[in-house]
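As a plain string of letters, each chain reads:
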Amino acid sequence: MKFTNSLSLQKRFHEIIPGGSHTYAKGDDQYPENMPVYIDRGKGCHIWDLDDNRFIEYGMGLRSVTLGHAFKPVNQAAARQMKKGNNYVRPAKIELECAEEFLSIIGGAEMVKFSKDGSDATSGAVKLARAYTGRELIAICADHPFFSVDDWFIGTTPVAGGIPDNIKQLTVKFHFNDIASVTEMFEKYPGKIACVMLEAEKNDPPRDNFLHELMRISHENGAVFILDEMITGFRWHLGGAQKKYNIVPDMSTFGKALGNGFAISALAGKKEFMNLGGLYHDKERVFLMSTTHGAENHALAAAIATMQFYKKNPVIEHLSEQGRKLKEGVNKVSEELKLKDYVSIIGPDCCSVYTTRDEKNQPSQPFRTLFLQETMKRGLIMPSSIVSYSHSDKDINYTIEMIAETLVIYKKALDEGIDKFIEGRPIKPVYRKYN
Ligand SMILES: Cc1ncc(COP(=O)(O)O)c(C=O)c1O
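Given the structure is predicted, the values throughout are model-derived calculations rather than measurements. (Residues numbered from 1 in each chain as written. Predicted model: local features only at pLDDT ≥ 70, side-chain atom pairs only at ≥ 80, totals over all residues. Heavy atoms only, no water.)

Caption draft 1: Seen up close, the layout of surface pockets. Considering only enclosed or pocket space, the second largest pocket measures out at about 1100 Å³ in volume. Pro91, Glu95, Val112, Lys113 and Phe114 are, among the 35 residues lining the second largest pocket, the residues nearest its centre. Of all the secondary structure elements, the ones that give two or more residues to the lining of the second largest pocket are α4 (93-105), β4 (111-115) and α12 (297-312). The leading source of residues in the lining of the second largest pocket is α4, at 5 residues. (1 Å grid on protein atoms, 1.4 Å probe; cavity = no way out; pocket = protein on both sides within 12 Å on 5 of 7 lines; lining within 4 Å. Points joined across faces, edges and corners; volume = space filled by probe spheres on them. Helix = DSSP H or I, 4+ residues; strand = E, 2+ residues; numbered from the N terminus.)

Written as structure tokens, this is what we have:
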């Protein structure tokens, strides 16, 4: 596999784009050196780079593409809308149509407002909660990796350059499945916490009615309960993880798969909160998610087509089924090679990740680099093990075969030392203070 065309652009990417990418998770430091893979096109679960190398993708546009790349019903709906125009002086009817379609699937929500990125929605939820409660503190789940690009969240990570200390101090944390950490937090900040925000599930499901208990304690302490469904929405259940776990949050946030990769996000919730961003109340006004491109009409058309496709086809079932086959296949091979403690697919079938541990059984960036390097050489691009509606049995079986070959090399690296096997510098975590 050659990367000649991609490599010829790598320097220029970094000269004119900070980080060489418009999203850190897609950056060079996340992938093996000398394998930049600038992408030309995608179809289904396959992508082709500038050297015409074909890969099966297991990232699916940072989990935003659940149906498949260039998915015909969605693209056709967006193209039809584009012919009519895209952005006018007053709202287009499609803004209402998309809101109706969305509220038909997210049962507990009474109002919804769309925007472009998930961060618009989570930051909008935080703002409403602060306005509603008159409190300043935001409580987030410490075990969930990302809620927003905005200062209230990024200020809690090691990449906090440019964020004032007093902003950082306004976000506090609790742990998932750990009610003691929740009660301790509310005791430490009585009457101060505006809202609690978390994902309904990450790698482990909620235990002992955790979500309901957390909501109860939050309400008891006057805090608003917000579920971030950016990832769980359109994967766990058509009605979101809130439907799967039978809970109605005060507000919830969606994005990613809502438009099958088109830029659209949503803040949804009870009227009591959402209406503060509206025109018909006598409280202080909240400037809620109002951007020039927020209702880009072809993204709304894409979202409507995506939601309607989900309603008519077993997308959720397929994601779980293909994810399960991949997980079982890879974990079987890993077990056979006695690597189960080092490489293993974990988490829900519809949205899994894999572990890469070193000889001391510690999570390892060099071993992750080796895994990425060897799977990429074999036509897989696998930052995680995310499947889509377009991943066929053939794709999954091929992937398991290629991972089996990769694991033979992984085992040798465990025995003989990793340095002999990785072909460049190791990858680095996104959240780090210095380069
Ligand atoms: C759980 C969660 N919330 C919020 C966001 C922010 O979404 P966006 O990147 O669209 O702003 C992400 C993005 O990865 C996410 O995973």
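Caption draft 2: Local environment of helix α8 (residues 179-188). Of the residues making up α8, those classed as buried are Ser181, Val182, Met185 and Phe186. Burial along α8 is one-sided: seen end-on, the buried residues are contained in an arc of 130°. Turned more than 90 degrees off the buried face of α8, the exposed positions are Glu184, Glu187 and Lys188. As for α8, its buried residues are in contact with β5 (137-141), β6 (171-174), β7 (193-198) and α9 (210-220). (Buried < 20%, exposed > 50% of the residue type's maximum accessible area, 1.4 Å probe, protein only. Arc of directions from axis to C-beta. Contact = heavy atoms within 4.5 Å.)

Caption draft 3: Structural context of the packing of aromatic side chains. For the coordinates displayed, the defined rule picks out 15 aromatic pairs. Ring geometry for Tyr132 and Phe273: centres 4.5 Å apart, planes at 55°, overall tilted. Note that Tyr132 is positioned in helix α5 (residues 118-133) and Phe273 in helix α11 (residues 271-274), a separation of 141 residues in sequence. By relative accessible area, which is 36% here, Tyr132 ends up partly exposed. Aromatic side chains Phe234 and Tyr310 sit 5.5 Å apart centroid to centroid with 80° between the ring planes, which places their arrangement in the edge-to-face category. Taken together, the positions of Phe234 in the loop between β8 (224-228) and α10 (240-244) and Tyr310 in helix α12 put the pair 76 residues apart, joining distant regions of the chain. By the burial criterion, Phe234 is buried, and Tyr310 matches it. Within the aromatic cluster, the residues linked to one another by ring pairs are Phe102, Phe114, Phe234, Phe254 and Tyr310. (Phe/Tyr/Trp six-rings, centres within 6.5 Å; stacked < 30°, edge-to-face > 60°.)

Caption draft 4: Focus on the site of the ligand. The ligand sits among Asp117, Gly118, Ser119, Phe146, Phe147, Glu199, Asp228, Met230, Ile231 and Lys256. Contact between the ligand and Gly118: an oxygen atom at 2.7 Å from a main-chain N or O atom of the residue. Contact distances for the ligand include 2.6 Å between an oxygen atom and a side-chain N or O atom of Ser119. In the complex, 82% of the free accessible area of the ligand, which totals 390 Å², lies under the protein chains. (Near = heavy atom within 4 Å. Polar contact = N/O pair within 3.5 Å; in protein donor to acceptor, adjacent residues only side chain to side chain. Areas by Shrake-Rupley, 256 points an atom, 1.4 Å probe, with all protein chains shown as cover.)

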